[in-house]
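# Notes for the structure review
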Amino acid sequence: MAEVSSFEDILNNNGVLVYTNVGTSMMPLLRQRRDLLIIRKKEANERLHWLDIPLFKRDNGQYIMHRVMRVRKQDYVMCGDNQWRPEYGVREDQILGVLTAVERDGKTLDMASTKMRIYGLLQYIFFPIRASWLFAKCVPGALKRRILKKH
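It should be emphasised that the depicted structure is a prediction, and the values quoted were computed from it without experimental measurement.

Let us look at the overall build of the chain. Across its full length, the chain holds three helices and nine strands. Each principal axis of the C-alpha atoms in the chain carries an extent, and together these give about 50 × 45 × 40 Å. Here the chain holds 151 residues, and the buried ones make up 36% of them. Taking contacts inside the chain between residues at least 6 apart in sequence as the whole, the part at least 24 apart equals 56%. Between the averaged position of the 26 positive side-chain charges in the chain and that of its 16 negative side-chain charges there is a distance of 11 Å.

Laid out in structure tokens, this is it:
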């Protein structure tokens with residue numbers, strides 16, 4: 001049986017990771033199981049920039065891709081484009097790589113392009129509205145689960 005390599009192994013050996021994502025936290029930018037993601041290894045002393053989309057590993061071992069909402073002195077604040085709750089305290093040592101491009105329907109979306117930077121900026125600017133809408137959308141389901149749990 002072939003040994004499965006971790007994302008860290010692939011990035012360390014090749015400098016690039018190409019895979020299809022699982023998850024909806026970065027929708028509509030990243031379509032689950034449809035888009036091909038191209039992630040370059042983060043250099044040792046490299047700091048991320050505002051609006052970058054890094055691949056990082058939570059302390060529980062879960063791999064996540066979210067957008068940098070704030071660069072702080074010791075860490076980062078991240079949030080998925082389809083999330084309403086920011087994630088605070090993402091450390092430098094958790095970051096494995098940075099999304100550089102997305103292959104979609106035979107076309108390449110370069111994350112450094114003006115179009116994609118504007119898209120990221122709009123996600124940031126409209127975050128309060130988007131977060132409120134996403135939160136309001138999840139409240140009925142949360143209430144229903146809480147009520148059913150009590151019975």
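Glancing now at helix α2 (residues 114-125). The α-helix winds at 3.6 residues per turn, so residues separated by three or four positions along the chain end up facing the same way. Helix length check: α2, at 12 residues, gives a terminal C-alpha distance of 16 Å against a target of 16 Å (1.5 Å per residue), a fit within 8%. For α2, the complete set of buried residues consists of M116, G120 and Q123. Buried residues of α2 fall within an arc of 55 degrees about the axis and therefore sit on the same side. With respect to the buried face of α2, the exposed residues turned more than 90 degrees away are T114 and K115.

The next thing to look at is the side chain of D75. Within the secondary structure, D75 is located in strand β6 (residues 75-79). Within the structure, the side chain of D75 is placed 2.7 Å from the side chain of R72, a separation counted as a polar contact. With residues near it in sequence (within four places) discarded, D75 still touches R47, G89, V90 and R91.

Moving on, we come to the nonpolar core. Grouped together as the largest cluster of nonpolar side chains are 18 residues, with contacts concentrated most on Y19, L30, L55, M65, L99 and M111. At the level of secondary structure, the elements contributing two or more residues to this core comprise α1 (7-14), β1 (16-20), β2 (36-41) and β8 (95-104). For this core, the element with the highest residue contribution is β8, accounting for three residues. Apart from residues lying up to four places away in sequence, M65 is in contact with Y19, S25, M26, L30, L37, I39, I53, P54, L55 and L99. Membership of the second largest hydrophobic core comes to nine residues, among which are L48, Y76, V90 and I95.

Throughout the structure, instances matching the rule amount to three aromatic pairs. Ring geometry for F7 and Y63: centres 4.5 Å apart, planes at 55 degrees, overall tilted. Of this pair, F7 sits in helix α1 while Y63 is found in strand β4 (residues 63-65), placing the two residues 56 residues apart along the sequence. Between W50 and Y124, the ring centres sit 5.0 Å apart and the planes meet at 85 degrees, which makes this aromatic pair edge-to-face. In this pair, W50 is assigned in the loop between β2 and β3 (54-57) and Y124 in helix α2, connecting sequence segments 74 residues apart. Three or more aromatic residues link up through ring pairs in this structure, and these residues are F7, Y19 and Y63.

What follows is about unusual backbone geometry. Residue P28 is reached from M27 by a cis peptide bond, and omega for that bond is 5 degrees. The residue P28 is located in the loop between β1 and β2 in this model.

To continue, consider the sheet that holds β6. One open sheet accounts for three strands, arranged β5-β6-β7; its pairing is antiparallel. The sheet terminates laterally at β5 (67-71) and β7 (87-91), the two strands that pair on one side only. The mean angle between the axes of side-by-side strands here comes to 45 degrees, regardless of whether they run parallel or antiparallel. In terms of strand pairing, β5 meets β6 through four bridges, oriented antiparallel. Bridging from a neighbouring strand, V68 pairs with M78 of β6.

What counts and how
Residues numbered from 1 in each chain as written. Predicted model: local features only at pLDDT ≥ 70, side-chain atom pairs only at ≥ 80, totals over all residues. Heavy atoms only, no water. Helix = DSSP H or I, 4+ residues; strand = E, 2+ residues; numbered from the N terminus. Buried < 20%, exposed > 50% of the residue type's maximum accessible area, 1.4 Å probe, protein only. Contact = heavy atoms within 4.5 Å. Lys, Arg positive; Asp, Glu negative; His and termini not counted. Charge placed at Lys NZ, Arg CZ, Asp CG, Glu CD. Expected span 1.5 Å × (residues − 1). Arc of directions from axis to C-beta. Polar contact = N/O pair within 3.5 Å; in protein donor to acceptor, adjacent residues only side chain to side chain. Core = buried A, V, L, I, M, F, W, Y, C linked by side-chain atoms within 4.5 Å. Phe/Tyr/Trp six-rings, centres within 6.5 Å; stacked < 30°, edge-to-face > 60°. Pairing = 2+ DSSP bridges. Axes fitted to C-alpha atoms, helices over the stretch in contact; angles between N-to-C directions.

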